[in-house]
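# Architecture at a glance
Below, each chain spelled out in residue letters.
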Amino acid sequence: MLKDEVTQLLSRLIQVDTTNPPGNETAAAELLRDYLQANGLECELYARTPERANLVTRIKGTGDGPSLLFLGHTDVVLADPAEWSVPPFSGEVRDGEVWGRGALDMKGMVASHAVAIASLAREGFTPKGDLIFAATADEEVGDGFGLEWLCEAHPDAVRCDFAINEGGGDRLELGGNVYWVCSTAEKMSAPFRIRVKGRSGHASMPGIADNALVKAATLIDRISAYEPPREIQQEVAAFLRALDAGSVEELPDVAREMVEPLLAPTFSPTMISASQKRNVIPALCEVTVDCRLLPGTTPADVEPTIRQVLGNELEYEIEFTEAQGGTRSALDTELWRAVESFVAETEPTSKAVPICTAGFTDSHWLREAFGTVAYGFFPARMPSELMAAVIHSADERVPIDDLELGVTWLRHAARTLLS
Ligand SMILES: [Zn+2]
C-alpha cells in the first residue's frame, strides 16, 4: 500500500539529521536515491560541496506536453530534544502520525513526492512532458547550495513549466463551507536598516552629546504607527470571490486574519543596536526593520514612502539588506484546474481558493529563472492551528492520512497535466 510505503520512507528520512546549519543533506539525497533507483528511476546528485547534495530524477516525457516538477527541500531547522515528547530524529510512528523534525516542513511532502513518482514509474506511466522530482538542500538558511544554485549551475536539471511545492494546502472550514487553500504568490522579504546618527559623550552629562538611540526611538514610533494604504491584489480578489465576500471586512475572523497582511506592505522593527557601554551615549544607532512587500513591489518603490514617514528633521540613512521572493504565478492555468478537480473529487462540496503567502519559499527561484507556474499545495486535513504550532517548533508531526492524501494529489496532478 502506498500509505505504508510513504510512512516508512518518511520515518527513515526523519532519522537522517539534516539540521541546517550545517545541513549535510547528502545523506538524505542518498537515501532517496536508493529508494528511487529500486523503483527504476535513474538519479543524479548535484552538489556544490560534497556534503550538500541536491537530488533530481525524472520520468522522461514523450516531448509533446508541459513538464511538471515536484519540488521539496531536505534540510530542516534545529530541534531541541529537551522540548520534545519523542526524540526529534526518531521518526516514530504513533497514533496514526509520524513524529519528528521535518515531518511537516517538509520531509513529509518530499516522501510523498518520491512515492508518487516511484509508483507512477512502476505502473509504466508515460508522461507527455517530463515528470521531475527534486529534493534540494539549504532552503531554511539559503546560503546558495540548493535550488538557487541549481537554477544557475544546472538549469536543465530543474527547468519546468509547472511546479508543486510547499506553502499551501490547508483545509479551512468557514461558516459551514470548506476551502482548500493553494498558494500562488508570495510577498517579498525586504528588510532594511535605519542608521541614526548623533554625537557621543559621557552618559553622566547628556547635555554635551546627541543621543542616537533616543532619536531612533522617534523613528521607530513613526514607522510602526504607519498604516500603508491598502490594495486588493488578484489573489485576495479571487479569495473574496470564492468566499462570496464583498470586502475584507465581511470575511469571518480566521479568513480576515489570513488576508490582513496581504493588503499592504508591513514594517516591523525587530532589532536594535547602539552603545556598547552603559556610560557612553551612542553616536550611532542601527534599527533593523523586517519589511514584507506585496508581489510586484520593489524596495526602490517603497523607499520614498519610508523616508516620508520617517520625516527629514532627524539624520539617518536607510539601507535595504536583501530582497527575496515577491513573485506570483497566474491563476488561470492547467495546474490550477488540476487543484480544482482534485479538491472536487476529494470533497465534492468544497472549493479551492488561491492565496498569496506572507512568507516565501523556493518557488520564487523557479518563477524567476524559467517563468514556471509554481504553486504551494499539499492538501492537509490536520487543523492549521496545530500545524502552525508545531512547524519549526517542538513535537512536529504529520498524520499518515495526510501523507496518503498528498500522494493521491500528486498522482492526480501528474496524470491530469501530463497525460
Ligand atoms: Zn520548508
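Reference entry: report on the structure contained in this document. Residue positions are given per chain, counted from 1 along the sequence in the order it is written. It should be noted that, the model being predicted, local features are given only for residues of pLDDT at least 70 and side-chain atom pairs only at 80 or more, the latter also being counted only at that level, while totals for whole chains, interfaces and linings use all residues. Working from all heavy atoms in the structure, the side-chain values ignore hydrogens and water.

In a packed pair of helices, the relevant descriptors are the angle between the two axes and the axis-to-axis distance. Helix axes use the C-alpha atoms of the stretch in contact, all axes being lines fitted to C-alpha atoms, and the angles between their N-to-C directions lie in the range 0 to 180 degrees. Strands here mean DSSP runs of E at least two residues long; helices mean DSSP runs of H or I at least four residues long; both are numbered from the N terminus. Here helix H10 (residues 334-346) crosses helix H13 (residues 400-418) at 135°, and the two axes come no closer than 9 Å. In terms of their interaxial angle, H10 and H13 are classed as oblique. Considering only the axes of H10 and H13, their crossing is right-handed. Here Glu-334, Leu-335, Ala-338, Val-339, Ser-341, Phe-342, Glu-345 and Thr-346 of H10 come into contact with H13, specifically with Leu-405, Thr-408, Trp-409, His-412, Thr-416 and Leu-417. Across the contact of H10 with H13, the residue classes tally to seven nonpolar, five polar and two charged. For this classification, under 35 degrees means roughly parallel, over 145 means roughly antiparallel, 65 to 115 means roughly perpendicular, and everything else is oblique. If you view the pair so one helix is near and one far, a crossing is left-handed when the near helix is turned anticlockwise from the far one by less than a right angle, and right-handed when it is turned clockwise. Residue contacts are counted whenever heavy atoms from the two residues lie within 4.5 Å of one another. Residues are grouped as follows: nonpolar covers Ala, Val, Leu, Ile, Met, Phe, Trp, Tyr, Cys and Pro; charged covers Asp, Glu, Lys and Arg; every other residue, Gly included, is treated as polar.

Two elements in contact, helix H1 (residues 2-15) and helix H2 (residues 26-38), have axes separated by 10 Å at closest approach and are oriented at 155°. In terms of orientation, H1 and H2 fall into the roughly antiparallel class. Handedness of the H1/H2 crossing: right-handed. Across the interface between the two elements, Glu-5, Leu-9, Arg-12 and Leu-13 from H1 touch Ala-28, Leu-31, Leu-32 and Tyr-35 from H2. Of the residues belonging to the contact of H1 with H2, the class tally is six nonpolar, no polar and two charged.

What follows concerns the nonpolar core. Counting residues in each nonpolar core, the largest one holds 67 residues, and the members touching the most others are Leu-32, Leu-36, Leu-68, Leu-131, Phe-133, Ile-164 and Trp-409. Broken down by element, the residue count for this core peaks at ten residues, all from H13. Each residue touching Leu-68, except ones within four places of it in the same chain, is listed here: Asp-130, Leu-131, Ile-132, Phe-162, Ala-163, Ile-164, Ala-413, Ala-414, Leu-417 and Leu-418. Listed in part, the 23 residues of the second largest apolar core include Ile-194, Val-287, Cys-291 and Leu-310. Working definition of a nonpolar core: buried Ala, Val, Leu, Ile, Met, Phe, Trp, Tyr and Cys residues. They are joined through side-chain atoms within 4.5 Å. Remark: exposure states derive from per-residue accessible area (1.4 Å probe, protein chains only) relative to the maximum for the residue type, with buried under 20%, exposed over 50%, and partly exposed in between.

Moving on, we come to the pairing of strand S2 (residues 53-59). Of all seven residues in S2, six are buried; the element is thus mostly enclosed. Judged from the five bridges that link them, strand S1 (residues 43-47) and S2 form a sheet pairing that is antiparallel. Bridging from a neighbouring strand, Leu-45 pairs with Leu-55 of S2. Strand pairing is assigned whenever DSSP identifies at least 2 bridges connecting the two strands. In this antiparallel pair of consecutive strands, S1 and S2, the connection spans five residues. By the bridge criterion, five bridges tie S2 to strand S6 (residues 131-136) in an arrangement that is antiparallel. Bridging across to S6, Ile-59 finds its partner in Leu-131.

Coordinating N, O and S atoms are those within 2.8 Å of the metal (3.2 Å for Na, K and Ca), and as water is not part of the atoms, a site may appear to have fewer donors than expected. Around the zinc ion, the protein contributes the donor atoms His-73 (NE2), Asp-105 (OD), Glu-166 (OE) and Glu-166 (OE), at 1.9 to 2.5 Å from the metal centre. If you look at the zinc ion, its four donor atoms make angles of 54 to 148° with each other, and the shape they trace is irregular. Here the donor residues of the zinc ion share one chain and are spaced in sequence as H-x31-D-x60-E. On the criterion of sequence distance, the pair formed by His-73 in strand S3 (residues 68-73) and Glu-166 in the loop between strand S7 (162-165) and strand S8 (171-174) is long-range, its members being 93 residues apart. With relative accessibility at 13%, the residue Glu-166 sits in the buried group. Under this scheme a four-donor centre is tetrahedral when all angles range from 85 to 135 degrees, a four-donor centre is square planar and a six-donor centre octahedral when opposite donors are above 155 degrees with the rest from 65 to 115, and any other centre is irregular.

Turning next to the environment of Asp-290. The residue Asp-290 is located in strand S15 (residues 284-293) in this model. Accessibility expressed as a relative area gives 24% for Asp-290, which makes it partly exposed. Spatially, the C-alpha atoms of Asp-290 and Pro-191 are 4.5 Å apart, while their sequence positions differ by 99 residues. Discounting chain neighbours no more than four positions away, the residues touching Asp-290 are Pro-191, Thr-266, Phe-267, Ser-268 and Thr-270. Engagement of the side chain of Asp-290 in a polar contact is seen with the side chain of Arg-292, the distance being 2.9 Å. As used in this structure description, the phrase polar contact means that two N or O atoms lie within 3.5 Å; if the pair is within protein, one of them must be able to donate a hydrogen and the other to accept it, and residues adjacent in sequence are counted only when both atoms belong to side chains.

Another point: the sheet that holds strand S4 (residues 93-94). Read across the open sheet, the three strands follow the order S4-S5-S20; overall the sheet is antiparallel. At either end of the open sheet lies a strand with only one pairing partner, and these are S4 and strand S20 (397-399). Of the pairings in the sheet, the one linking strand S5 (residues 97-99) to S20 comprises three bridges and is antiparallel in character. Paired with Glu-97 across the bridge in S20 is Pro-399. Contacts between H1 and the sheet are confined to S4, S5 and S20, with S5 contributing the most and set at about 15° to the helix. Strand contacts of H13: S4, S5 and S20, with the helix running at about 65° to S20, the strand carrying the most contacts.

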